[in-house]
Amino acid sequence: MAEKLPSSGSLPDGQVAGCDTSGMILVHRIFRWLYRELPLLVREVQAGDVERAGVVGIYAKLDFFALHLHHRTEDTVLWDRLAARDPACAVHVELMRTQHAEVASQLARIEPQLDPWLESADAELRDAFAGDIEFLRDTLLVHLGREEDDILPVAGAVMSQQEWDQLEAHTRATLLARRRDFPRDVLSLQLGLLLASVPEAERDEWYHANVPAPIRLLYLLLMKRRYDRAMQELYPDRPVPSMF
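Residues numbered from 1 in each chain as written. Predicted model: local features only at pLDDT ≥ 70, side-chain atom pairs only at ≥ 80, totals over all residues. Heavy atoms only, no water.

Some thoughts on the overall build of the protein chain
Counting its regular elements, the protein chain contains 10 helices and zero strands. Helices and strands in the protein chain line up, N terminus first, as α-α-α-α-α-α-α-α-α-α. Over its C-alpha trace the protein chain gives a radius of gyration of 19 Å, about what one expects of a compact globule, namely 18 Å for 244 residues. Dimensions along the principal axes, computed over C-alpha positions, put the protein chain at roughly 60 × 40 × 30 Å. Out of the 244 residues belonging to the protein chain, those deemed buried represent 43%. (Helix = DSSP H or I, 4+ residues; strand = E, 2+ residues; numbered from the N terminus. Rg over C-alpha atoms; globule rule 2.2 N^0.38 Å. Buried < 20%, exposed > 50% of the residue type's maximum accessible area, 1.4 Å probe, protein only.)

Here it is as C-alpha cells:
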C-alpha cells in the first residue's frame, strides 16, 4: 500500500493553483507503447529459445515495475489532493482507485507466469502469458484515456506546479533507489523513452526546456549509448517501432 502524503483542501503557503500536466501525456504515450509492444515481443520468441526469452523477460520485468511505480506514485501524491480541492472530482478519483486496483490484480496474475516461461520458452506458456498482457493492455488503454479526460484538467487547475512536480520527484527518487536491482540502466531507458515520446519536430525544444544541462551532457556521453543498445537488443533485426 502506498504511503499517502498529508492532504489538504488548501494550497501550501506561497504556492498558486495551476500547473502544466502535459508531461503526463508523454508518460502515458510510453505506457501505451510498452504494452502494445510487449505481447508482440513475447509472441515472437520461438519455442525453446530460452536465450531470446531471457532478453524479452528483462524488459517485461522493467515494464511491470514501471507500471507499479507509476500507479503507486499517483496513489501517493495525487488522489487525496484532488478529492480535497475539487469535491466534484471525487467520483473520478474513486474510479481511478478502482482501475488501479484492477491493474494491480492483473499484474498479480501476469508476473508469476514470467519465470516459468523463461525457464523453458514453452510455446503454451508463452501464448498464455502474452494473452494476459494483451488483456492488461486493453484495461490500461481505457484507464489512461479516462485519466487524461477526467483527471488531468482538474489537476492542472487546482494543484500548484510544485505539487505536480512531486510526481516526477517521487518517480526519480524511487528509480535511483532501485536502479541496482535491474540488469539495465533504468534512468537511461527512462530518458530515452521520454525523448522518443515527443514528436520529432518538437524534440529538441522539449529536450532543452525540460532536461538540465548536466543531464543532457551525461545523456550525450553515456546514457544515449545505453538506451540505443537496449533498443537494439529488443529489436535486433528491424527499426524500433515509433510511438506515433
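Don't stop here, the text continues.
Details of the packing of helix H1 (residues 22-44) against helix H2 (residues 50-77)
Their axes nearest at 11 Å, the elements H1 and H2 cross at an angle of 150 degrees. Judged by the angle between their axes, H1 and H2 are roughly antiparallel. Crossing geometry of H1 relative to H2 is assigned as left-handed. Together, Met-24, Val-27, His-28, Phe-31, Leu-34, Tyr-35, Leu-38, Leu-41 and Val-42 of H1 and Arg-52, Val-56, Ala-60, Asp-63, Phe-64, Ala-66, Leu-67, His-70 and Glu-74 of H2 make up the contact between the two elements. Looking at the contact of H1 with H2, its residues break down into 13 nonpolar, two polar and three charged. (Axes fitted to C-alpha atoms, helices over the stretch in contact; angles between N-to-C directions. Parallel < 35°, antiparallel > 145°, perpendicular 65-115°, else oblique. Left-handed = near helix turned anticlockwise from the far one by under 90°. Contact = heavy atoms within 4.5 Å. Nonpolar A, V, L, I, M, F, W, Y, C, P; charged D, E, K, R; others polar.)

With respect to the packing of aromatic side chains
In total, this model carries five aromatic pairs according to the counting rule given. Where Trp-117 meets Phe-129, the ring centres are 5.7 Å apart and the plane angle is 35 degrees; that geometry is what we call tilted. Linking Trp-117 in helix H5 (residues 114-120) with Phe-129 in helix H6 (residues 123-158), this pair joins segments that are 12 residues apart in sequence. Assessed through its relative accessible area of 0%, Trp-117 is described here as buried. Judged by its relative accessible area of 0%, Phe-129 falls in the buried class. Three or more aromatic residues link up through ring pairs in this structure, and these residues are Phe-64, Trp-117 and Phe-129. (Phe/Tyr/Trp six-rings, centres within 6.5 Å; stacked < 30°, edge-to-face > 60°.)

Things to note about the packing of H2 against helix H10 (residues 213-234)
Closest axis-to-axis distance for the H2/H10 pair is 10 Å, and the angle between their directions is 130 degrees. One element, H2, and the other, H10, form an angle in the oblique class. As H2 runs across H10, the sense of the crossing is left-handed. Along the contact surface, H2 presents Arg-52, Val-55 and Tyr-59, while H10 presents Ala-230, Glu-233 and Leu-234. Its residues assigned to classes, the contact of H2 with H10 comprises four nonpolar, no polar and two charged.

Some remarks on the side chain of Thr-21
When you line up the elements, Thr-21 lands in the segment before H1. Beyond its immediate sequence surroundings of up to four residues, Thr-21 is in contact with Leu-152, Ala-155, Gly-156 and Trp-164.

What about the environment of Arg-146?
As for its placement among the helices and strands, Arg-146 is situated in helix H6. Note on Arg-146: relative accessible area 35%, which makes it partly exposed. When the C-alpha atoms of Arg-146 and Arg-179 are compared, they prove to be 31 Å apart, with 33 residues separating the residues in sequence. In contact with Arg-146, not counting residues within four places along its chain, are His-92, Leu-95, Met-96, Gln-99 and Ile-151.

Section: the side chain of Ser-188
If you trace the backbone, Ser-188 turns up in helix H8 (residues 186-196). Note on Ser-188: relative accessible area 1%, which makes it buried.

Notes on the state of the cysteines
Here, disulfide denotes a covalent bond that connects the sulfur atoms of two cysteines. Applying the stated criterion to the full structure yields zero disulfides. Cys-89 takes part in no disulfide bond, and the closest cysteine sulfur, belonging to Cys-19, lies 12 Å away. Of the residues examined, Cys-89 reaches a relative accessible area of 1% and is grouped as buried. (Disulfide = S-S within 2.5 Å.)

Concerning the confidence of the model for the protein chain
Summary statistics for the protein chain give a mean pLDDT of 95 and a share of 96% for residues scoring 70 or more. Confidence drops under pLDDT 50 across residues 1-8; counting only partners more than four residues distant or on other chains, this segment forms 17 contacts. (pLDDT = per-residue confidence, 0-100.)

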